[in-house]
Amino acid sequence: MNARPESASATSDISGFGASRRQFLKTSGGLVLGFSLLGPLAALAQQPATRIPASPSGGAQTFPAVDPAKLDAWLAIHPDNTATLFTGKVEQGNGSPNALAQIAAEELDFPFDKLFVVMGTTTDTVDQGPTYGSMAVRYAGPQIRHAAAAGRQVLLSMASKRLHVPVEQLTVRDGVVSVTGDTKRSITYGELVDGKRLDVTIGATGKTFGMKVAPDAKLKDPSQYTIVGTSVPRKDIPGKVTGAFTYVHDVKVPNMLHGRVVRPYGIESNLLSVDESGLKDIPGFVAVVRQRNFLGVVAKTEWGAIKAAEKLGSKLVRKGPTDGQAKWSDWQGLPAMDDLWETLRHASGKDITVAKRGDVDAALRKGAKRFKATFRTPFETHGSIGPELAIADVGKGYAKFWAGTQMPHQARRDMAELLDLPVENVEVNWVEASGQYGRNGLEPVMADAAIMSRAVGRPVRVQWMRWDSHGWDPKEPPIVQDLEGALDKDGNVTAWHHHMWVPTFSDTRLLASELIGKPVGQVHLGDAAIKYEYEFDNADVVAHGEGRVGVITAWMRAPGQLETTFAMESFIDELAAAAHQDPLAFRLKYLKEPRALAVLNAAAKQYGWKSRPSFQGRQPGSKATGRGLAWVNRDGSRVATIADVVVDRDTGGIWVKRVVVAHDCGLVISPDGMRNQIEGNVIQSMSRTLHEEITFNRAHVTSRDWASYPILTFNEIPDNIEMVFVNNSAKYPSNGGGEPSTCPTAAVISNAVYDAVGIRLRQTPFRPQRVKAALARA
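Let me sum up the structure you'll find in this document. Here the structure is a predicted model, which means the values were calculated and not measured. (Residues numbered from 1 in each chain as written. Predicted model: local features only at pLDDT ≥ 70, side-chain atom pairs only at ≥ 80, totals over all residues. Heavy atoms only, no water.)

1. Regarding the sheet that holds strand E4 (residues 115-119)
Now for step 1: If you trace the three strands from one edge of the open sheet to the other, you get E2-E3-E4, paired in mixed fashion. Both outer strands of the open sheet, strand E2 (75-77) and E4, are each paired with one neighbouring strand and no more. With direction set aside, neighbouring strand axes in the sheet form an average angle of 20°.
Now for step 2: When strand E3 (residues 83-87) meets E4, the two strands line up parallel, connected through five bridges. Within E4, the position partnered with Thr87 by the bridge is Met119.
Now for step 3: Its contacts with the sheet place helix H2 (residues 96-108) against E2, E3 and E4, and it is angled at close to 130° to E4. (Pairing = 2+ DSSP bridges. Helix = DSSP H or I, 4+ residues; strand = E, 2+ residues; numbered from the N terminus. Axes fitted to C-alpha atoms, helices over the stretch in contact; angles between N-to-C directions. Contact = heavy atoms within 4.5 Å.)

What follows is the structure, encoded as structure tokens:
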């Protein structure tokens, strides 16, 4: 987590995780420790610090990138024997700073509670790639591990010279180096470094996720771990509980103004006219910012900006394109909601073959029993509780931002492109926002702030209203999937056909950039968010990748794989039921991968699974209970989930009572942190499965508040979420935990509902009216 930006005036510490690089360099006087990691220790040399961007004197301000080949790009040791870890990854609510700090503290032989973390800010950290896809520990972890191991070697070399003994005769514990057998001869890391920078070349090749750091560093034997694999307290929680924590929403910078956006009535409406009468009567009003179809207002106070935007037409309910003093063309280009699925099937794109085996068409024709099903999943919004916000300060030849983006280094490049500035003249100061779990509006709002700040020549803070967030953040795209299968007379699967129509999960074009006619970002065709594991003799699995369909779409948590797992794991459950076989045994029969088998068996053991076919007939009373099972391989992390549900036939309500998750992501860095991840995944994916769906008319999104876009409530959270860690060993490298346990949930609940009341739910969300309709059809 990051420290307070130097120009911030918020009264509370942003993280409690430590000072920024610039603050450290200023307090250290810019002294540098200069020597080579692998060569002899050189004398200390006083050199000017090179990473403090000087204030411009007539020229453009520049913000040099951090060199990953240098040790001080990753670590700083302070005189009080505390330390700071610098990482380009960021916190999104899932506790990644703890895990990364544990890795660094382990290799350094340093106390975890004295190691602080600076995250994300582009002037302070190496570009390790965006924080998404369960990739923080998987990719940044090894980079930090190697850098910390290199740091330990450097510190031992320094201690060897100070204590006049070979390195081999030194031991280190909790940041204190001692002569073996003579603990009185000791020195702390802080005393060794004495407030100076570690200007040490440790080596680095590659970029972002593929970067290799300090390849020659000697790593600790995992059998000697004392910090990795243990649960340690999160340093951010006390401040978040008490309200002392500073989110990006709390940051203020000198001379700051407030901005609000006024979005088009229709997604592609053109701005026809703006009547500015009466705006100057609003206290604190400064300016209207108009550039082609981008429209915003700036005021001295946030309330002034809100009232000015309302006058122009920014509000929850708009009666038409001329409702307000800003007039828009009447664009009606979205498909009708009922036509969405056929629109997906006919969108242009490319086919991506996931699996092709045998002759599926012939096997379908010959099958003793043949089954078809279509699964539909809707547009979803990220629904971040804290609305999107950014502060921009665009001056002559430079731009500075304060933002909660999950990709600060990429955002830096995007803002440079938007503003026609060299990348080195742009700085992004990362400050934590509320959890996002995907690409919400935290990047687009930076563009809004940039355009307004450039127009008025002062820093501008832009916060989206709730209808901006629900209506205009990038959406999880809808997917339609057709499955067909066949069984022989003995109940064996003889054919499996699975085709899906997948819009893009990677439309990174910034909304404001499109409105001003200068698109920044790209649209990639939809990809197959599926890992196909079943060993069927005849299989045909194809994703029909598409571009943008209607609205801007981008990734949410486990993009696409909650949806494809829903279809695949529900349909195999249907085949198991048709074959009158136990759904667990049926899956195991067609799986060979050992780690997949292990999570399924571990979940079954923890749950107390008893073998039987699903749905044993109608249960007495209005409420029925059922169990459901599903599993997934999400980028190498295997997860199996079993859940108990209660279905109320009278109301259509579904209540999840117990959840068991077997989770294999290799070595778990922080067990408590991983449990938090899994609980969050299960709860959020339950919300998506039971409640969440974006509605729209032909012009725009209509579900723009919490009433029209409901989410899971506290009383719906399961009584028990139990977890089993599988293959939790250094034999298996640490993999991602931020997304995988999201994926099985929709299928698990759907299968449990079938087991309870004998109906198949093939379209999310499973709202009561949809359940009652399915019961009526049955």
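So, next bit.
2. So, the packing of aromatic side chains
Now for step 1: Applying the stated rule across the entire model yields 15 aromatic pairs.
Now for step 2: Both rings, one in Phe379 and one in Phe696, keep their centres 5.7 Å apart while their planes meet at 85°; by these two values the pair is edge-to-face. Residue Phe379 is found in the loop between strand E17 (369-377) and strand E18 (389-395), and its partner Phe696 is found in the loop between helix H16 (671-690) and strand E28 (720-725); the two are separated by 317 residues along the sequence.
Now for step 3: Phe379 sits in the buried class, given a relative accessible area of 5%.
Now for step 4: Taking relative accessible area as the criterion, Phe696 reaches 10% and is therefore assigned buried.
Now for step 5: Between Trp496 and Phe536, the aromatic rings sit 5.1 Å apart at their centres with planes inclined by 25°, giving stacked as the arrangement. Highlighted residues: Trp496 in strand E23 (residues 493-502) and Phe536 in the loop between helix H12 (511-515) and strand E24 (539-546), separated in sequence by 40 residues. There is no split in this pair, since Trp496 and Phe536 are both buried.
Now for step 6: Aromatic ring contacts, followed pair by pair, group Trp496, Tyr534, Phe536, Phe571, Phe586 and Tyr590 into a single cluster.
Now for step 7: The ring of Trp609 has Arg627 sitting right over it, with the charged end atom 3.5 Å from the ring centre. (Phe/Tyr/Trp six-rings, centres within 6.5 Å; stacked < 30°, edge-to-face > 60°. Buried < 20%, exposed > 50% of the residue type's maximum accessible area, 1.4 Å probe, protein only. Lys NZ or Arg CZ within 6 Å of the ring centre and 35° of its normal.)

3. As for the sheet that holds E23
Now for step 1: Reading across from one edge, E16-E24-E23-E22-E17 is the order of the five strands in this open sheet, with mixed pairing throughout. Two strands bound the open sheet, and with one partner strand each, they are strand E16 (349-357) and E17. Between one strand and the next, the sheet's axes are offset by a mean angle of 10°, whatever the strand orientation.
Now for step 2: Across seven bridges, E23 lies against E24 in parallel orientation.

4. Quick look at the packing of H2 against helix H3 (residues 136-163)
For any two helices packed against each other, one specifies the inter-axial angle together with the distance between the axes.
Now for step 1: It is the contact of H2 with H3, at a shortest axis distance of 7 Å, that shows an interaxial angle of 30°. Considering their axes alone, H2 and H3 lie roughly parallel with respect to each other. Like other packed secondary-structure pairs, H2 and H3 cross with a definite hand, here right-handed. Across from Ser96, Ala99, Leu100, Ile103, Ala104, Glu107 and Leu108 in H2, the residues of H3 making contact are Ala136, Val137, Ala140, Gly141, Ile144, Arg145, Ala148, Ala149, Gly151, Arg152 and Leu155. (Parallel < 35°, antiparallel > 145°, perpendicular 65-115°, else oblique. Left-handed = near helix turned anticlockwise from the far one by under 90°.)

5. Looking at the pairing of strand E19 (residues 398-403)
Successive residues of a regular strand alternate their side chains across the two faces of the sheet.
Now for step 1: E19 sits mainly inside the fold: six of its six residues count as buried.
Now for step 2: Burial along E19 is two-sided: Tyr398, Lys400 and Trp402 facing one way and Ala399, Phe401 and Ala403 facing the other are all buried.
Now for step 3: Note that E18 and E19 share six bridges and pair antiparallel. Bridge assignment links Asp393 to a residue of E19, and that residue is Lys400.
Now for step 4: Hairpin connection from E18 to E19: two residues lie between these consecutive antiparallel strands, with Gly397 at a positive phi of about 80°.
Now for step 5: Once you follow E19 into helix H9 (residues 408-419) and on to strand E20 (residues 426-430), the crossover reads as right-handed. (Right-handed = clockwise from strand over helix to strand, strands pointing away.)

6. Notes on the pattern of salt bridges
Now for step 1: Applying the stated rule across the entire model yields 41 salt bridges.
Now for step 2: Here Arg509 and Glu514 are joined by a salt bridge, their closest N and O atoms 3.2 Å apart.
Now for step 3: Overall, the relative accessible area of 23% leaves Arg509 in the partly exposed class.
Now for step 4: Between Asp573 and Arg760 there is a salt bridge, with the nearest N and O atoms lying 3.7 Å from each other. Of this pair, Asp573 sits in helix H13 (residues 561-578) while Arg760 sits in the loop between helix H17 (745-757) and helix H18 (768-777); the two residues are 187 residues apart in sequence, bridging distant segments of the chain.
Now for step 5: The class for Arg760 is buried, based on a relative accessible area of 16%. (Salt bridge = Lys/Arg side-chain N within 4 Å of Asp/Glu carboxyl O.)

7. Here we look at the environment of Ala495
Now for step 1: Within the fold, Ala495 resides in strand E23.
Now for step 2: You can call Ala495 buried: its relative accessible area is 0%.
Now for step 3: Each C-alpha atom of the pair Ala495 and Asp448 lies 51 Å from the other, and the pair is 47 residues apart in sequence.
Now for step 4: Among all residues touching Ala495, those that are not within four sequence positions of it are Val360, Ala363, Leu364, Glu484, Gly485, Ala486 and Asn538.

8. Examining the pairing of strand E21 (residues 460-463)
Now for step 1: Burial along E21 is two-sided: the face carrying Val460 and Val462 and the face carrying Arg461 and Gln463 are both buried.
Now for step 2: By the bridge criterion, three bridges tie strand E11 (residues 257-261) to E21 in an arrangement that is parallel. Residue pairing for E21: Gly259 is matched across the bridge by Val462.
Now for step 3: Sheet topology note: the E18/E21 ladder contains four bridges and is antiparallel. Bridging across to E21, Ala392 finds its partner in Val460.

9. Considerations on the side chain of Asp573
Now for step 1: Residue Asp573 is classed as buried on the basis of its relative accessible area of 2%.
Now for step 2: A polar side-chain atom of Asp573 sits 3.0 Å from a polar atom in the side chain of Arg587.
Now for step 3: Contacts of Asp573, omitting those with residues within four sequence positions, involve Pro583, Arg587, Ser614, Leu629, Asn751 and Arg760. (Polar contact = N/O pair within 3.5 Å; in protein donor to acceptor, adjacent residues only side chain to side chain.)

10. Digging into the nonpolar core
Now for step 1: If you look at the biggest cluster of nonpolar residues, it comprises 85 residues, and the most contacted ones within it are Trp496, Tyr532, Tyr534, Phe586, Ile654 and Val753.
Now for step 2: Looking at this core element by element, the count peaks at nine residues for H13.
Now for step 3: With near-sequence residues (within four places) excluded, Val753 lies in contact with Val645, Val647, Ile654, Gly758, Ile759 and Leu761.
Now for step 4: Membership of the second largest hydrophobic core comes to 58 residues, among which are Val126, Ala140, Val213 and Tyr225. (Core = buried A, V, L, I, M, F, W, Y, C linked by side-chain atoms within 4.5 Å.)

11. Let's talk about the side chain of Ser178
Now for step 1: For Ser178, the position within the fold is in strand E6 (residues 176-179).
Now for step 2: When neighbours within four sequence positions are excluded, Ser178 is seen to be in contact with Gln169, Leu170, Thr171, Thr183, Arg185 and Ser186.

12. Things to note about the environment of Asn633
Now for step 1: Its place among the elements puts Asn633 in strand E25 (residues 623-634).
Now for step 2: Linking Asn633 and Asn676, residues 43 residues apart in sequence, is a C-alpha distance of 20 Å.
Now for step 3: Apart from residues no more than four positions distant in its own chain, Asn633 is found in contact with Lys531, Glu533, Gln561 and Arg638.
Now for step 4: There is a polar contact of 2.8 Å between the side chain of Asn633 and the side chain of Glu533.
Now for step 5: A polar side-chain atom of Asn633 sits 2.9 Å from the main-chain amide nitrogen of Gly636.

13. Let's talk about the environment of Met674
Now for step 1: In this fold, Met674 is placed in helix H16.
Now for step 2: A relative accessible area of 10% means that Met674 is categorised as buried.
Now for step 3: On a C-alpha basis, the gap between Met674 and Ser96 in space is 9.8 Å, while along the polypeptide they are 578 residues apart.
Now for step 4: If near-sequence neighbours (up to four positions away) are discounted, Met674 is found in contact with His663, Cys665, Val668, Phe725 and Gly737.

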